[in-house]
Amino acid sequence: MAPSCASPSALALSSTTRVSLPLALALRQRPEACAPGARFRPSAACSWTPPLPSGLTAASPSAGARRGTGRAPPLFRPRAMMTTSQIANAAFTWGTVAVLPFYTLMVVAPNANITKRTVESSAPYVALGLLYAYLLHLSWTPDTLRAMFASKYWLPELPGIVRMFASEMTVASAWIHLLAVDLFAARQVYHDGLKNNIETRHSVSLCLLFCPVGILVHVATKVLSGAVGRSH
């Protein structure tokens, strides 16, 4: 008797070949195997798939299963709140804005008590240091040291530094580095001016963007002030 494809309960085998019902449900048969009068072959079992609930369709194999991984892709993929470029730009902007109040106080009101108390604070250096360390962590790669010390004498070379600064994150970390060092130098100039009663507004202003020039101008101002004082 030929096997019937009407329902799983009607599936039957010959007396010499018995297949359990769960196994029979799992097997699939080509259409020609279910034709009347066809001889039953175990390798071509009747194809019967239980109906799906309304509104649902059979899902195709996932990309992971097709690749042989056996795992479907996650339904939810968390995304970073900010891209690397956005982090670099935000650090550049907010780092610059953070140091401006200190320069403003040293230039506008160098002798005010609020300026002296504010300049004595270590908060800006701690904040800039933490931000710099974070950016350095993001920009660091296994090839960073190799780019910095590319010569056989383990000394920095300009081509390697240029390649390293092609990254926005590296440039942002270097900018935060400069802001911290320039502010520290400006504070030293400011304190030296208070100690020796020397004008430092122009020198402090130069330290914001041209720190070595600001230090040089302060030294020249100090020398000239001493010479003028001795002449009187």
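Let me begin by describing the structure that accompanies this report. Because the structure is a prediction, the values reported are computed rather than measured.

Along the backbone of the protein chain there are 10 helices and zero strands. The N-to-C order of helical and strand elements in the protein chain reads α-α-α-α-α-α-α-α-α-α. The buried share among the 232 residues of the protein chain stands at 24%. Of the roughly 16300 Å² that the protein chain leaves accessible, carbon and sulfur atoms contribute 65%.

Soluble globular proteins: nonpolar side chains tend toward being buried together. With 21 residues, the main nonpolar core has V99, Y103, M106, L135, L183, A186 and V204 as its most contacted residues. Elements with a contribution of two residues or more to this core: α3 (84–108), α5 (123–139), α8 (168–196) and α9 (201–209). Ranked by residues supplied to this core, first place goes to α8 with eight residues. In this view, M106 contacts T115, V119, L183, A186, R187, Y190, R201 and V204; residues no more than four positions away in its chain are not counted.

So, about the pattern of salt bridges. Taken as a whole and assessed by the stated rule, the structure comprises two salt bridges. Residue D192 is joined to K222 by a salt bridge in which the shortest nitrogen-to-oxygen separation is 3.4 Å. Of this pair, D192 sits in helix α8 while K222 sits in helix α10 (residues 211–231), and the two are 30 residues apart along the sequence. Residue class for K222 comes out partly exposed when judged on its relative accessible area of 36%. Of the charged contacts in the structure, one is a salt bridge between R201 and E199, with a shortest N-O distance of 3.5 Å. Overall, R201 belongs to the partly exposed group, its relative accessible area being 37%. Using a relative accessible area of 42% as the deciding quantity, one classes E199 as partly exposed.

Moving on, we get to the packing of aromatic side chains. The final tally for this structure, using the stated rule, is two aromatic pairs. When the ring of Y125 is compared with that of F184, the centres are 6.0 Å apart and the planes differ by 80 degrees; the resulting orientation is edge-to-face. With Y125 in helix α5 and F184 in helix α8, this residue pair connects regions lying 59 residues apart in the sequence. Given the relative accessible area of 19%, Y125 is considered buried.

All right, on to α9 then. Listed as buried for α9 are S203, V204 and C207. Burial along α9 is one-sided: seen end-on, the buried residues are contained in an arc of 100 degrees.

Attention now goes to a nonpolar patch on the surface. Together, L209, F210 and V213 make up an exposed nonpolar region whose accessible area comes to about 300 Å². Structurally, L209 is set in helix α9.

Moving on, we come to the environment of D182. Of note, D182 is situated in helix α8. The buried category is assigned to D182, whose relative accessible area is 10%. Sequence spacing of D182 and C207 is 25 residues, and the spatial spacing of their C-alpha atoms is 5.9 Å. Beyond its immediate chain neighbours, meaning those up to four positions away, D182 contacts Y103, C207, L208 and C211.

Right, let's talk about α5 for a bit. Under the 1.5 Å per step criterion, the end-to-end length of α5 is 24 Å for 17 residues, consistent within 8% with the ideal 24 Å. Along α5, the residues that are buried comprise P124, Y125, L128, L135 and S139. Projection of α5 onto a plane perpendicular to its axis shows the buried side chains occupying an angular sector of 95 degrees, all on one side. Opposite the buried face of α5, by more than 90 degrees, sit the exposed residues L130 and H137. Those residues of α5 that are buried are in contact with α3, α6 (144–148) and α8.

The rules behind these values
Residues numbered from 1 in each chain as written. Predicted model: local features only at pLDDT ≥ 70, side-chain atom pairs only at ≥ 80, totals over all residues. Heavy atoms only, no water. Helix = DSSP H or I, 4+ residues; strand = E, 2+ residues; numbered from the N terminus. Buried < 20%, exposed > 50% of the residue type's maximum accessible area, 1.4 Å probe, protein only. Areas by Shrake-Rupley, 256 points an atom, 1.4 Å probe, with all protein chains shown as cover. Core = buried A, V, L, I, M, F, W, Y, C linked by side-chain atoms within 4.5 Å. Contact = heavy atoms within 4.5 Å. Salt bridge = Lys/Arg side-chain N within 4 Å of Asp/Glu carboxyl O. Phe/Tyr/Trp six-rings, centres within 6.5 Å; stacked < 30°, edge-to-face > 60°. Arc of directions from axis to C-beta. Patch = residues over 30% accessible without salt bridge, like charges linked within 9 Å, V, L, I, M, F, W, Y side chains within 5 Å. Expected span 1.5 Å × (residues − 1).

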